[in-house]
Amino acid sequence: MPGFTMVAFSGFVDALRLAADEGDRSRPIHCRWSVLAEELRPVVASNGVELMPTARFGDPAAFDYIVVVGGLLQGTRRLAKATLEFLRLAASRAVPLVGLCTGSFVLARAGLLQDRRVCVSWFHHQDFIRDFPTLQAESHEMFVVDRDRLTCAGGTSVVHLAAWLIERHCGKAAASKALRIMLEEGALPARTPQPQPSFAERTDDPRVRQAIWLMEQSLSSPMPLSEVARNVNMSLRHLERRFREAIGLSPHDFSVRLRLRHAHWLTEHTRLQISQIALECGFSDGANFSRRFREVFGYPASALRRGRASAASGEPLGLLEAAYEPAAAEPAEAPA
């Protein structure tokens, strides 16, 4: 699509390239691909780089998958008639359709995501539900495979969606090889949570920032604080002191609030059951989750889900932001 994201295109294609041949010889033996467009003229990516298609639209049944690479939203809003016809023809001939990045917007605009779960980046979640209120948008997973529709959030998630396809058709060894060369340790499953907006920018202490990053990576199964401390080369007592100096909270209190903030986001932006959200955020005791949620945000998660509470009620979004303010003598900077 016009304004497509280069990392989505290149990450997906390079995963196929690396799996298609032995070593790094790049021969399209086990995987082949074409870059299709209505006309053979350059398409400009969001970074200004031009990409030349290799073939015009033809019979979509000649391919195992048709992949739509999205990017800037304006490039997905006015679809050429030829593009719509080609995608609808592919669907009518049972060719699976893949939406990378905002490629999901294109498939939705073509009417090809009805009765399907759709993966959308958290960054564009509100845009998607505004444009397609009847569709089931999910923004808590890296990619979603719902029968013959595959969608992903974009960024590096395209590599893991490509690896899922490679493993399915070429074997696990081929997928693992591609990921290793791309410096990815292993394939991530579809239900891997998308990285949500980071809250770790408000302290200059590198050890605390590293500890926060570790906590963010293990929201569903919180890493023991002793292990967090060991990973940042500190004793637990030293870590606790650094946390209190940097953000005014103990590591335990910060971890709880971080997970509650994620639970708030999931409650507001997904259709997961409250009990499932509690587990996703590392609370095995539903009653304890409900109590802590109400204590921090001033209302229960069920009220937020029913639309009877919002971020303005109890100012939940500001709680962690305030916690990250560095303990300095200068006035605190107002949140953006």
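Going by the structure above, here's the rest.
Residues numbered from 1 in each chain as written. Predicted model: local features only at pLDDT ≥ 70, side-chain atom pairs only at ≥ 80, totals over all residues. Heavy atoms only, no water.

1. Comments concerning the packing of helix α11 (residues 251-269) against helix α13 (residues 286-297)
Next, step 1: Across the interface, α11 lies against α13 with an axial gap of 10 Å and an inter-helix angle of 90°. On the basis of their axis angle, the class for α11 and α13 is roughly perpendicular. Judged by residue contacts, Val256, Arg257, Leu260, Arg261, Ala263 and His264 of α11 engage Phe289, Arg292, Phe293, Val296 and Phe297 from α13.
Next, step 2: By residue class, the composition of the contact of α11 with α13 is seven nonpolar, one polar and three charged. (Axes fitted to C-alpha atoms, helices over the stretch in contact; angles between N-to-C directions. Helix = DSSP H or I, 4+ residues; strand = E, 2+ residues; numbered from the N terminus. Parallel < 35°, antiparallel > 145°, perpendicular 65-115°, else oblique. Contact = heavy atoms within 4.5 Å. Nonpolar A, V, L, I, M, F, W, Y, C, P; charged D, E, K, R; others polar.)

2. Overview of the nonpolar core
Next, step 1: Formed by 33 residues in total, the largest nonpolar core has its most connected members in Phe12, Leu100, Val158, Leu161 and Ile166.
Next, step 2: Broken down by secondary-structure element, the contributors of at least two residues to this core are α1 (6-19), β6 (97-100), β10 (149-152), α6 (157-170) and α7 (172-181).
Next, step 3: Here this core takes eight residues from α1, the largest share from any one element.
Next, step 4: Aside from chain neighbours lying at most four places away, what touches Phe12 is Val7, Val67, Leu100, Val158, Leu161, Ala162 and Leu165. (Core = buried A, V, L, I, M, F, W, Y, C linked by side-chain atoms within 4.5 Å. Buried < 20%, exposed > 50% of the residue type's maximum accessible area, 1.4 Å probe, protein only.)

3. Description of helix α10 (residues 236-247)
Next, step 1: Between its first and last C-alpha, α10 extends 16 Å over 12 residues, near the 16 Å set by a 1.5 Å rise per residue.
Next, step 2: All buried positions along α10 are accounted for by Leu239, Arg242, Phe243, Ala246 and Ile247. For α10, the buried positions fall inside an angular range of 105° around the axis, keeping them on one side.
Next, step 3: Once α10 ends, the next one or two residues include Gly248, with phi positive near 80°. (Expected span 1.5 Å × (residues − 1). Arc of directions from axis to C-beta.)

4. Focus: the environment of Ile247
Next, step 1: Summarising the element assignment, Ile247 is placed in helix α10.
Next, step 2: Classification of Ile247 as buried rests on a relative accessible area of 5%.

5. Observations regarding the environment of Val208
Next, step 1: Along the chain, the position of Val208 falls in helix α8 (residues 206-216).
Next, step 2: Residue Val208 is classed as buried on the basis of its relative accessible area of 0%.

6. Notes on unusual backbone geometry
Next, step 1: Despite not being glycine, Ser26 shows a phi value in the positive range, around 65°.
Next, step 2: By secondary structure assignment, the location of Ser26 is in the loop between α1 and β1 (36-37).
Next, step 3: With relative accessibility at 32%, the residue Ser26 sits in the partly exposed group.
Next, step 4: If you check the backbone angles, Asp115 has positive phi at about 60° while not being a glycine.
Next, step 5: You can see Asp115 is positioned in the loop between α4 (103-109) and β7 (117-119).
Next, step 6: Assessed through its relative accessible area of 70%, Asp115 is described here as exposed.

7. Some words on the pattern of salt bridges
Next, step 1: In this structure the tally under the stated criterion is 15 salt bridges.
Next, step 2: The residue Arg147 makes a salt bridge to Asp146 at a minimum N-O spacing of 2.9 Å.
Next, step 3: Judged by relative accessible area, which is 56%, Arg147 ranks as exposed.
Next, step 4: The exposure class of Asp146 is buried, given its relative accessible area of 13%.
Next, step 5: Residue Arg291 pairs with Glu295 through a salt bridge whose shortest N-O separation is 3.0 Å. Placement of both Arg291 and Glu295 in helix α13 is noted, with a separation of four residues, approximately one turn of the helix.
Next, step 6: When salt bridges that share partners are traced, they join Arg77, Arg109, Asp127, Arg130 and Asp131 into one network. (Salt bridge = Lys/Arg side-chain N within 4 Å of Asp/Glu carboxyl O.)

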